[in-house]
Amino acid sequence: MPRRQRRSHRFAADLGLLIVAAAFVLPLAWVVLSAVDPHAGLRVRIPDGFTFGNFDAILTPDITYTPLLNSLILCGGATALTVVCAALAAYPLSRYRSRFNRPFLLSILFATSLPITAIMVPVYALFVRINLIDTMQGTILFFAASQLPFAIWLMKNFMDGVPKELEEAAWTDGAGSAQSLVRIVLPLMGPGLAVVTVFAFVMMWGNFFVPFMLLLSPDQMPASVSINDFFGNRGMVAYGQLAAFSVIYSTPVILLYVLVARRLGGGFALGGAVKG
């Protein structure tokens, strides 16, 4: 291929990447700039003057603090439950061979393709019958159940990368399956745990439909639902306050990613444990 043609192809690829990057950067730029703009609108522009009045207007218990606390309780509890159940389910699928493994995994794969809106009506009826409607624990259970199929798939794939010889050495020393899972397998698959944790938390954090359907009391609504209050009647929207709330609403997810970033890029800490 001629040198000039290679340059033109490289330029076209770089231009395409810049267009894709702009599609992601522009909404983020609007959120950041509008949060400090006293006259924020739909346009992305440099504010005439910077103000923190938008943050002052939303930093109240009813608007921000209580919904964020509800979101942390819902998503944090459901994420912890998802990770624990996924690890317990993935361990026998990874370590023991059975003719039921493949049908079970295919069933899980089918469960991941079910749209959440298609099952909310029977779930709502079930929650009403068993008195779990408008309860935090019921919403946590459903959140965890909805994320569990894909979490099991992810966890099993990471668990397959941990050599079984390490567990066999622990079994020789008298450790049981539960001890080898907690002390051998899970510490070595730190990146896998980080991926499952971040994926589950992010998917729940931005979920509007589930808590909107299962929670009825305003004081239990998470931030993903309360953000709808910024959209008033007849198209009136407080854009500056909406942008400021979006910045605060995104902070927990960013902090979670920063905390697990090292684990995500670390790889398995196997070293030379199985050599020789």
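Residues numbered from 1 in each chain as written. Predicted model: local features only at pLDDT ≥ 70, side-chain atom pairs only at ≥ 80, totals over all residues. Heavy atoms only, no water.

- For the protein, an unreviewed UniProt entry supplies the name Carbohydrate ABC transporter permease and the organism Streptomyces sp. 900105755.
- UniProt lists a comment for the protein under the heading Subcellular location (unreviewed entry), and it reads "Cell membrane".
- In its Sequence similarities (unreviewed entry) section, the UniProt record describing the protein reads: "Belongs to the binding-protein-dependent transport system permease family." (UniProt positions renumbered as here; feature names shortened; annotations may be inferred.)

### Some words on a nonpolar patch on the surface
(1) Moving on: Side chains of Phe-11, Leu-15 and Ile-19 sit close together on the surface and give an oily, nonpolar patch of about 330 Å² of accessible area.
(2) Moving on: Its location among the elements puts Leu-15 in helix H1 (residues 3-35).
(3) Moving on: What makes Leu-15 partly exposed here is its relative accessible area of 42%. (Patch = residues over 30% accessible without salt bridge, like charges linked within 9 Å, V, L, I, M, F, W, Y side chains within 5 Å. Areas by Shrake-Rupley, 256 points an atom, 1.4 Å probe, with all protein chains shown as cover. Salt bridge = Lys/Arg side-chain N within 4 Å of Asp/Glu carboxyl O. Helix = DSSP H or I, 4+ residues; strand = E, 2+ residues; numbered from the N terminus. Buried < 20%, exposed > 50% of the residue type's maximum accessible area, 1.4 Å probe, protein only.)

### Observations concerning the packing of helix H3 (residues 61-95) against helix H9 (residues 190-205)
(1) Moving on: The geometry of H3 relative to H9 is characterised by a closest axis approach of 9 Å and an angle of 140° between their N-to-C directions. By the angle between their directions, the pair H3 and H9 is classed as oblique. Relative to H9, H3 is oriented so that their crossing is right-handed. Contact residues: Leu-68, Ser-71, Leu-72, Cys-75, Gly-76, Ala-78, Thr-79, Thr-82 and Val-83 in H3; Leu-193, Val-196, Thr-197, Ala-200, Phe-201, Met-204 and Trp-205 in H9. (Axes fitted to C-alpha atoms, helices over the stretch in contact; angles between N-to-C directions. Parallel < 35°, antiparallel > 145°, perpendicular 65-115°, else oblique. Left-handed = near helix turned anticlockwise from the far one by under 90°. Contact = heavy atoms within 4.5 Å.)

### Details of the UniProt feature "transmembrane region" (unreviewed entry) in the protein
(1) Moving on: As recorded in UniProt, the feature "transmembrane region" (unreviewed entry) lies at residues 68-91, 103-127, 139-155, 193-216 and 236-260.
(2) Moving on: In residues 193-216, helix accounts for 79% and strand for 0%; the two terminal C-alpha atoms are 33 Å from one another.
(3) Moving on: Helix makes up 88% of residues 236-260 and strand 0%, with an end-to-end C-alpha separation of 39 Å.

### Looking at the packing of helix H8 (residues 177-188) against H9
(1) Moving on: Running from amino to carboxyl end, H8 crosses H9 at an angle of 75°, the nearest separation of the two axes being 4 Å. It follows that H8 is roughly perpendicular to H9 by the angle criterion. Taking contact as the criterion, the partners of Leu-186, Pro-187 and Leu-188 in H8 are, on H9, Gly-190, Pro-191 and Leu-193.
(2) Moving on: Here the residues of the contact of H8 with H9 sort into five nonpolar, one polar and no charged. (Nonpolar A, V, L, I, M, F, W, Y, C, P; charged D, E, K, R; others polar.)

### Concerning the nonpolar core
(1) Moving on: Membership of the largest hydrophobic core comes to 42 residues, with the highest contact counts inside it found for Phe-127, Phe-142, Leu-214 and Phe-245.
(2) Moving on: Considering every element that reaches this core, the biggest residue donor is helix H12 (residues 239-264), with eight residues.
(3) Moving on: With residues up to four places along the chain from it excluded, the contact list for Phe-245 reads Ile-58, Ile-63, Thr-64, Ala-223, Ser-226, Ile-227 and Phe-230. (Core = buried A, V, L, I, M, F, W, Y, C linked by side-chain atoms within 4.5 Å.)

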